[in-house]
Amino acid sequence: MCPRRSMVGFPEWMSPMPELGLTWEDVARTHGRKIYNFAYRLTGNPDDAADLAQDVLIRVKRGLASYQPGSFDGWLWRITRNAFLDDVRRKKRRPTVPLPDEVDRLARASVPAPDHVLAQIRLGSDVQNALLKLPHDFREAVVMCDIVGLSYAEIAGAVGVPVGTIRSRIHRGRGQLREMLS
Amino acid sequence: MSHSGELLSAYLDGELTSAEEVDVVAHLESCTRCQGELGDLHGARAMVRALPILEVPTWVISGAAASTAEMQVRRRPLAWAAAAAAAAFVLVIGFATFVATPPAIDITFSEISDTLRLPASQDGLPAARAVVIARTAGGIAE
């Protein structure tokens, strides 16, 4: 329906995904950072994001042998999404104390960061906190669209809902973000 | 006049069909409310897209690379073997405990003495109690 957008904020070499002759190293190199950023924006916690990204890469390694050429992004992001939901379920059973956010951690650093860096981080931190306040379905759709750079059809394939549902979630998610950040 | 609503986000993302896009563009020309909403949505999208892209910690990929498929496959048989061994151990211990434990007998020394027609001992204890105490102390079970 629409041409695929280039990956948001990612260098060009990370975008194309060779579907033939796919190796785990290819996936780790081209998608590892996207998976990590997706996990970080969904959880807001770098340690959780790292654990989740590693879990996804291990699942990909196990699943590559049985991967049938088709929608690689749909396959990969279904794995990523399932790993995230499994992690959420595990954490509900064993709740943990959240880490302080990035601004708090920088404020405690021995050498203070320049003002413009702090302001940039504070804005980023505000956006991150607003993202975390979104209902999960909206946050997931917005992050997959605006951080990972997937098309609506790819998001719908990964999440398992119609494209119209994704369209609505992204729209409502952005609307709520705007209200929280204005 | 119906407003564009959620078509606006899809318009920003280039996710509309040609026909939908024509309708949205035509509507936007005359609707200040939808123009304002489009600006708000664009602002929200820009803020999310401006979030910094973070590097993956190196241990994430090296750790995943070190975790081989063979390790994952081997883990399962080992886990099943451990579970089976644990179940067998519990069964053996349970059976041994059941066999080794004599059934509890709720009976008084006087009743034993009466049943066996034993005389009372000199200190007034029934003879049965004296016999049981002596044999228990010596580790004899009868």
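Look a little higher up for the structure.
Presented here is a report on the structure given in the accompanying data block. Counting starts from 1 at the beginning of each chain's written sequence and moves along it residue by residue. By the order in which they are written, chains take letters starting at A while ligands take numbers starting at 1. Local features in a predicted model are, by the rule used here, given only for residues with pLDDT of at least 70; side-chain atom pairs are given and counted only at 80 or more, and totals for whole chains, interfaces and linings are based on all residues.

**Re the overall build of chain A**
The way it works is that DSSP assigns letters per residue, a run of H or I at least four long becomes a helix, a run of E at least two long becomes a strand, and they are numbered from the N terminus. When its secondary structure is counted, chain A shows eight helices and zero strands. Going from N to C terminus, chain A has its helices and strands arranged as α-α-α-α-α-α-α-α. As a rule, residues whose C-beta atom has 12 or fewer other C-beta atoms within 10 Å are exposed, those with 20 or more are buried, and those in between are partly exposed; C-beta atoms are placed from the backbone. Looking at chain A as a whole, 34% of its 182 residues qualify as buried. Distance between backbone-placed C-beta atoms decides contact: two residues are in contact if it is within 7 Å. Expressed as a percentage of contacts within chain A between residues at least 6 apart in sequence, the contacts between residues at least 24 apart total 63%.

**Notes on the nonpolar core**
Counting 52 residues, the largest nonpolar core has A39, A53, M144 and I155 of chain A as its most contacted members. Ignoring any residue separated from it by four or fewer positions in sequence, one finds A39 of chain A in contact with A49, L52, A53 and F84 of chain A. A set of buried residues qualifies as a nonpolar core if it consists of Ala, Val, Leu, Ile, Met, Phe, Trp, Tyr and Cys joined through C-beta atoms within 7 Å.

**Overview of the interface of chain B and chain A**
Between chain B and chain A, the contact holds 30 residues from the first and 35 residues from the second. The set of elements that each furnish at least two residues to the side of chain B that touches chain A consists of helix 1 (7–12), helix 3 (32–49), helix 4 (58–66) and helix 5 (69–100) of chain B. For the side of chain B that touches chain A, the element with the most residues is helix 3 of chain B, which contributes eight residues. Classification convention: Asp, Glu, Lys, Arg as charged; Ala, Val, Leu, Ile, Met, Phe, Trp, Tyr, Cys, Pro as nonpolar; all other residues, Gly among them, as polar. Looking at the side of chain B that touches chain A, its residues break down into 16 nonpolar, seven polar and seven charged.

**Re helix 2 (residues 46–64) of chain A**
Multiply 1.5 Å by the residue count of a helix minus one, and that product is the helix's expected span. Taking 1.5 Å of rise per residue, the 19 residues of helix 2 of chain A would be expected to cover 27 Å, and the 26 Å separating its terminal C-alpha atoms lies within 8% of that figure. Within helix 2 of chain A, burial applies to D48, A49, L52, A53, Q54, D55, V56, L57, I58, V60 and K61 of chain A.

**A word on the packing of helix 6 (residues 136–148) of chain A against helix 7 (residues 152–159) of chain A**
Residue and element names in this part refer to chain A. Comment: axis = line fitted to C-alpha atoms, over the contacting stretch for helices; angle = value between 0 and 180 degrees taken between N-to-C directions. Where helix 6 meets helix 7, the closest approach of the two axes is 10 Å, and the angle between their N-to-C directions is 135 degrees. In terms of their interaxial angle, helix 6 and helix 7 are classed as oblique. Like other packed secondary-structure pairs, helix 6 and helix 7 cross with a definite hand, here right-handed. Of helix 7, the residues touching helix 6 (which contributes E140, A141, M144 and C145) are I155, A158 and V159. A class-by-class count of the residues in the contact of helix 6 with helix 7 yields six nonpolar, no polar and one charged. Angle categories: roughly parallel below 35 degrees, roughly antiparallel above 145, roughly perpendicular from 65 to 115, and oblique for all the rest. Take the far helix as your reference; a near helix turned counterclockwise from it by less than a right angle gives a left-handed crossing, and one turned clockwise gives a right-handed crossing.

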